[in-house]
Amino acid sequence: MSRPRAVFAGSGVALPPRVVANEALARVMDTSDEWIVERSGIRERRYVEKGVASSDLGAEAARAALADAGMAPDEVDYLVCATMTPDHYFPGAGTLIQQKAGLPPVPALDIRQQCAGYAYGLQMVEALIGSGIARAVLLVGCDVHTSLMPFSEATWAAIEGRRGEPIPETDREWNNRFRHLLVLFGDAAGALVFRASTADDGRGILASRLCGDGAHEGILTVPGAGSARRPWVDAAQIAAGETVPVMEGRQVFKLAVTRMPEVTLALLAAQGFGRDDLDLLVMHQANLRINEAAQKQLGLPDEKVFNNIERYGNTTSATLPLAFHEARAAGRAPEGSLVALTALGAGLHWGAVLMRV
Ligand code: UT7
């Protein structure tokens with residue numbers, strides 16, 4: 001019998017209602033709408049309300065994906081969750097989503113490859129279904145970046161429009177230290193559900209190519225709040241800003257614009273496809289300029305690329321399902337189309353996945 005294929009069955013997203021425009025960030029740090037749009041393409045992002053965790057968004061996206069697929073929660077027999085901002089140090093968000101989305105006690109796997117998490121997850125889905133271990137897999141990507149933002153109460157109040165007067169100068173200086181990072185991220189979740197199929201229609205996850213290289217670990221990392229410290233987190237780390245990610249933006253940028261096109265082309269070639277065979281490329285949404293440069297290198301026309309970073313910023317594990325979901329809603333990924341998804345993130349992890357929708 002032929003290997004079952006993991007065929008896309010439905011997608012869903014969770015977007016917090018609070019829209020935070022660039023102007024709101026300019027109230028609390030030395031930045032501007034002009035700088036953010038020019039350097040990153042981002043105009044606004046979504047922020048959760050205090051107390052909403054990654055598993056809440058993940059469960060909402062999971063329920064939406066199941067509804068889209070016309071599947072009941074008890075039809076899912078495996079859950080994979082990609083997040084770099086789990087609700088707790090442990091356990092991961094997988095079982096929390098399983099419970100909140102009303103799934104039976106199925107295996108719930110947490111993977112954490114940061115911005116490449118969803119690409120890694122898609123390979124897991126293919127492996128689980130192709131091997132016969134699972135027949136219906138829900139893959140959730142969810143991240144609440146606001147939990148990593150080192151803002152004071154005054155800063156939050158100014159961003160959320162609860163404070164009219166300027167924030168204290170010391171708060172502004174503190175925020176400025178991280179401004180290159182803080183303007184880029186937003187909160188969101190996305191989920192896709194896949195079913196096993198042996199139909200002879202060519203649909204399914206066709207192949208994937210993943211890479212990991214710890215040599216670049218230091219360019220994108222949270223230095224504190226982990227087992228490399230004893231205790232794992234303390235007031236001194238927080239005061240020193242060590243619980244906030246370190247990001248060498250230019251280096252990440254350079255790696256992303258070379259590795260994403262490289263791995264996508266290698267994957268296509270290994271499957272006997274050329275760039276012209278692709279109907280759609282969905283790239284991780286970290287910076288519109290990265291994606292424009294990658295698109296140019298790949299020689300793809302605008303109608304074969306979908307970006308939505310302008311409205312959501314970088315949502316880490318959620319970018320690929322969120323962009324795929326919206327591309328599909330816009331009629332850009334119809335059944336039978338050949339779609340490549342590619343991402344690069346902290347670790348360093350990167351890769352590409354090819355799917356016939
Ligand atoms: O998923 C992976 C996650 N991360 C990424 O993919 C990040 C990839 N890198 C990037 O997106 C870009 O490197 C950034 C958007 C982070 C920065 O853009 P850049 O064009 O590389 O700017 P830069 O870091 O070289 O900074 C240029 C200037 C600096 O000022 P000086 O030294 O020229 O006076 C920065 O201090 O812009 C300043 N700057 C800002 N100005 C206004 C940095 N952040 C800001 C800001 N607003 N938010």
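Residues numbered from 1 in each chain as written. Predicted model: local features only at pLDDT ≥ 70, side-chain atom pairs only at ≥ 80, totals over all residues. Heavy atoms only, no water.

**Topic: the overall build of the protein chain**
Secondary structure assignment for the protein chain yields 13 helices and 14 strands. Against the 2.2 N^0.38 benchmark of 21 Å for 357 residues, the protein chain shows a C-alpha radius of gyration of 20 Å, consistent with a compact globule. For the protein chain, buried positions account for 55% of its 357 residues. Within the protein chain, contacts between residues at least 6 apart in sequence are counted, and of these 78% link residues at least 24 apart. Looking at the protein chain as shown, the accessible area adds up to about 14800 Å², and 51% of this sits on carbon and sulfur atoms. Counting 34 positive and 41 negative side-chain charges, the protein chain places the averaged centre of each group 2 Å from the other. (Helix = DSSP H or I, 4+ residues; strand = E, 2+ residues; numbered from the N terminus. Rg over C-alpha atoms; globule rule 2.2 N^0.38 Å. Buried < 20%, exposed > 50% of the residue type's maximum accessible area, 1.4 Å probe, protein only. Contact = heavy atoms within 4.5 Å. Areas by Shrake-Rupley, 256 points an atom, 1.4 Å probe, with all protein chains shown as cover. Lys, Arg positive; Asp, Glu negative; His and termini not counted. Charge placed at Lys NZ, Arg CZ, Asp CG, Glu CD.)

**Digging into the site of the ligand**
Among the 20 residues in the neighbourhood of the ligand, the closest are listed as Thr-31, Arg-39, Cys-115, Arg-250 and Asn-287. Between the ligand and Arg-39, the relevant distance is 2.8 Å, taken from an oxygen atom to a side-chain nitrogen or oxygen of the residue. Here an oxygen atom of the ligand and a side-chain polar atom of Arg-250 are 2.7 Å apart. Protein coverage of the free-state accessible area of the ligand, which is 950 Å², stands at 73%. Contributions of two or more residues to the shell around the ligand are made by α2 (33–40), α8 (179–182) and α10 (249–270). Residues of the shell around the ligand, tallied by class, amount to ten nonpolar, six polar and four charged. (Near = heavy atom within 4 Å. Polar contact = N/O pair within 3.5 Å; in protein donor to acceptor, adjacent residues only side chain to side chain. Nonpolar A, V, L, I, M, F, W, Y, C, P; charged D, E, K, R; others polar.)

**Looking at the pattern of salt bridges**
Scanning the model with the defined rule gives 14 salt bridges in all. For Lys-50, the salt bridge identified is with Glu-153, shortest N-O distance 3.9 Å. Separated by 103 residues along the polypeptide, Lys-50 in the loop between β3 (44–47) and α3 (54–69) and Glu-153 in helix α6 (residues 153–159) bring together distant segments of the chain. As far as burial versus exposure is concerned, Lys-50 and Glu-153 are alike and both exposed. With a shortest N-O distance of 2.9 Å, Arg-229 and Glu-242 are connected by a salt bridge. One end of the pair, Arg-229, is in the loop between β9 (220–221) and α9 (235–239); the other, Glu-242, is in the loop between α9 and β10 (246–247), and 13 residues separate them in sequence. (Salt bridge = Lys/Arg side-chain N within 4 Å of Asp/Glu carboxyl O.)

**Describing the pairing of strand β7 (residues 188–197)**
Most of β7 sits out of view: nine of its ten residues are buried. Relative to β7, strand β1 (residues 5–14) runs antiparallel, the two being bridged by nine bridges. Bridging from a neighbouring strand, Ala-14 pairs with Ala-189 of β7. Strand direction decides the pairing type here: strand β6 (residues 136–143) and β7, joined by eight bridges, are antiparallel. Note that in β7 the partner of Val-140 across the bridge is Ala-191. (Pairing = 2+ DSSP bridges.)

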